[in-house]
Amino acid sequence: RKEVEQDPGPFNVPEGATVAFNCTYSNSASQSFFWYRQDCRKEPKLLMSVYSSGNEDGRFTAQLNRASQYISLLIRDSKLSDSATYLCVVNPTGGFKTIFGAGTRLFVKA
Amino acid sequence: DTEVTQTPKHLVMGMTNKKSLKCEQHMGHRAMYWYKQKAKKPPELMFVYSYEKLSINESVPSRFSPECPNSSLLNLHLHALQPEDSALYLCASSQEGDRGTGELFFGEGSRLTVL
């Protein structure tokens, strides 16, 4: 089992749609969780951290389920500019070895 | 605009060449990283420097040689590379020097092609 698993997609959605991504992690002791966004041929950028209580930033909502060892990202009212690869990132031990999921590709179409 | 600056943005080199990739950050971060990313794959960790000392080497071949001259600079020296080393090389930094969290600030990357 991979340490961090994501559905690779691609997800093809129309503008205005709501789309959800899930990510599972294998190490139950994992401490920190993040969603990064990577545009084509660009660097990854931190989208949001994921907290146990869940957190929201505008159209984006992230949630953590420790019991089931998954995190999710919900995007509401999708925009064309949301088209990107979304990387689930887990820091299992508090050390420097952050684990990246393979990424989920999202295409938002007009 | 990213606060981690990498040069060059593009590099083409032959297998016998020696070249260097450079990375600079002025955020006062105490940990700096080199990642390698192939197309449609996630970034793979290569090296981590913590307080200017090499903390992690993920069994990277010796043809890649990292250097951290000071807390703001990170270099990756390249020598006798293979065509399969062609990739996007990403530098990143994080605030804490004692531990990681996963909050990484990436540079735009250096796209390397080895002929």
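Model, not experiment: these values are computed from the prediction.

Enquirer: An account of the overall build of chain A is needed here, citing residue identities and associated values.
Expert: Of regular secondary structure, chain A possesses zero helices and 11 strands. For chain A, the succession of helices and strands along the chain, N to C, is β-β-β-β-β-β-β-β-β-β-β. In terms of overall dimensions, chain A is globule-like: its C-alpha atoms have a radius of gyration of 13 Å, near the 13 Å expected for 110 residues. Expressed as lengths along the three principal axes of its C-alpha atoms, the size of chain A is roughly 40 × 30 × 20 Å. Going through the 110 residues of chain A one by one, you find that 47% of them count as buried. Total accessible area computed for chain A in this model is approximately 5,300 Å², and 48% of it derives from carbon and sulfur atoms. One finds the centroid of the 13 positive side-chain charges in chain A at a distance of 4 Å from the centroid of its 10 negative side-chain charges.

Enquirer: Could you give an account of the nonpolar core, with specific residues and numbers?
Expert: Ranked by size, the top nonpolar core spans 24 residues in total, and within it A:Phe21, A:Trp35, A:Ile71, A:Leu73, A:Ile75, A:Tyr86 and A:Leu106 carry the most contacts. Secondary-structure elements contributing two or more residues to this core are β3 (19-25), β4 (32-38), β7 (60-65), β8 (70-75), β9 (84-91) and β11 (104-109) of chain A. Setting aside residues up to four positions removed in sequence, A:Phe21 forms contacts with A:Phe11, A:Trp35, A:Ile71, A:Ser72, A:Leu73, A:Ile75, A:Tyr86, A:Thr104 and A:Leu106. Counting 22 residues, the second largest nonpolar core, distinct from the first, contains B:Met13, B:Phe47, B:Tyr49 and B:Leu78.

Enquirer: Which residues make up the sheet that holds strand β1 (residues 4-6) of chain A, and what values go with them?
Expert: Residues and elements named next belong to chain A. Strand order in the open sheet made by the five strands is β1-β3-β8-β7-β6, with antiparallel pairing throughout. For this open sheet the edge positions go to β1 and β6 (55-57), each flanked by a neighbour on one side alone. Direction aside, the axes of adjacent strands within the sheet are offset by 15 degrees on average. Note that β1 and β3 share three bridges and pair antiparallel. Among the inter-strand pairings, glutamine 6 is bridged to a residue of β3, identified as cysteine 23.

Rules used throughout
Residues numbered from 1 in each chain as written. Chains lettered and ligands numbered in written order. Predicted model: local features only at pLDDT ≥ 70, side-chain atom pairs only at ≥ 80, totals over all residues. Heavy atoms only, no water. Helix = DSSP H or I, 4+ residues; strand = E, 2+ residues; numbered from the N terminus. Rg over C-alpha atoms; globule rule 2.2 N^0.38 Å. Buried < 20%, exposed > 50% of the residue type's maximum accessible area, 1.4 Å probe, protein only. Areas by Shrake-Rupley, 256 points an atom, 1.4 Å probe, with all protein chains shown as cover. Lys, Arg positive; Asp, Glu negative; His and termini not counted. Charge placed at Lys NZ, Arg CZ, Asp CG, Glu CD. Core = buried A, V, L, I, M, F, W, Y, C linked by side-chain atoms within 4.5 Å. Contact = heavy atoms within 4.5 Å. Pairing = 2+ DSSP bridges. Axes fitted to C-alpha atoms, helices over the stretch in contact; angles between N-to-C directions.

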